[in-house]
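# Geometric and topological summary
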Amino acid sequence: GSLCVKAERDELDALLDDSRFSPAPYLARGGWVVLDLQTVPPSKVDWAEVRELIETSYSLIAPKKLSAQISR
């Protein structure tokens, strides 16, 4: 039903202005947000957006060597 990801600082305000996103409990100070996937029907979820959020989050927290392996 939901997905917790780390967001880039410059994108954080824009994400939180979207009603689908909320600050992650206990992790918001570190730039983490929760995406509520239940706000739209499964057929309407923008999976490309979800993929981008996951890849960005991974690149922010993974070791640089592993993060560099993501094709962006």
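Scroll up to find the structure this text is about.
Residues numbered from 1 in each chain as written. Predicted model: local features only at pLDDT ≥ 70, side-chain atom pairs only at ≥ 80, totals over all residues. Heavy atoms only, no water.

The helix and strand inventory of the protein stands at three helices and three strands. Written out in order from the N terminus, the α and β elements of the protein read β-α-β-β-α-α. For 72 residues, the compact-globule formula gives about 11 Å, and the C-alpha radius of gyration of the protein, at 12 Å, lands near that figure. In terms of principal-axis extent, the alpha carbons of the protein reach across some 35 × 30 × 20 Å. Counting every position in the protein, which comprises 72 residues, the buried fraction comes to 29%. Residue pairs in contact within the protein that sit at least 24 positions apart in sequence constitute 48% of those at least 6 positions apart. Element-wise, carbon and sulfur atoms account for 55% of the exposed surface of the protein, whose accessible area totals about 5200 Å². The distance from the centre of the 9 positive side-chain charges to the centre of the 11 negative ones in the protein is 9 Å. (Helix = DSSP H or I, 4+ residues; strand = E, 2+ residues; numbered from the N terminus. Rg over C-alpha atoms; globule rule 2.2 N^0.38 Å. Buried < 20%, exposed > 50% of the residue type's maximum accessible area, 1.4 Å probe, protein only. Contact = heavy atoms within 4.5 Å. Areas by Shrake-Rupley, 256 points an atom, 1.4 Å probe, with all protein chains shown as cover. Lys, Arg positive; Asp, Glu negative; His and termini not counted. Charge placed at Lys NZ, Arg CZ, Asp CG, Glu CD.)

Its identity is not glycine, yet Tyr-26 carries a phi of approximately 70°, on the positive side. Among the secondary structure elements, Tyr-26 is positioned in the loop between β2 (21-23) and β3 (32-36). Using a relative accessible area of 85% as the deciding quantity, one classes Tyr-26 as exposed.

That is the geometry; function is a separate question.
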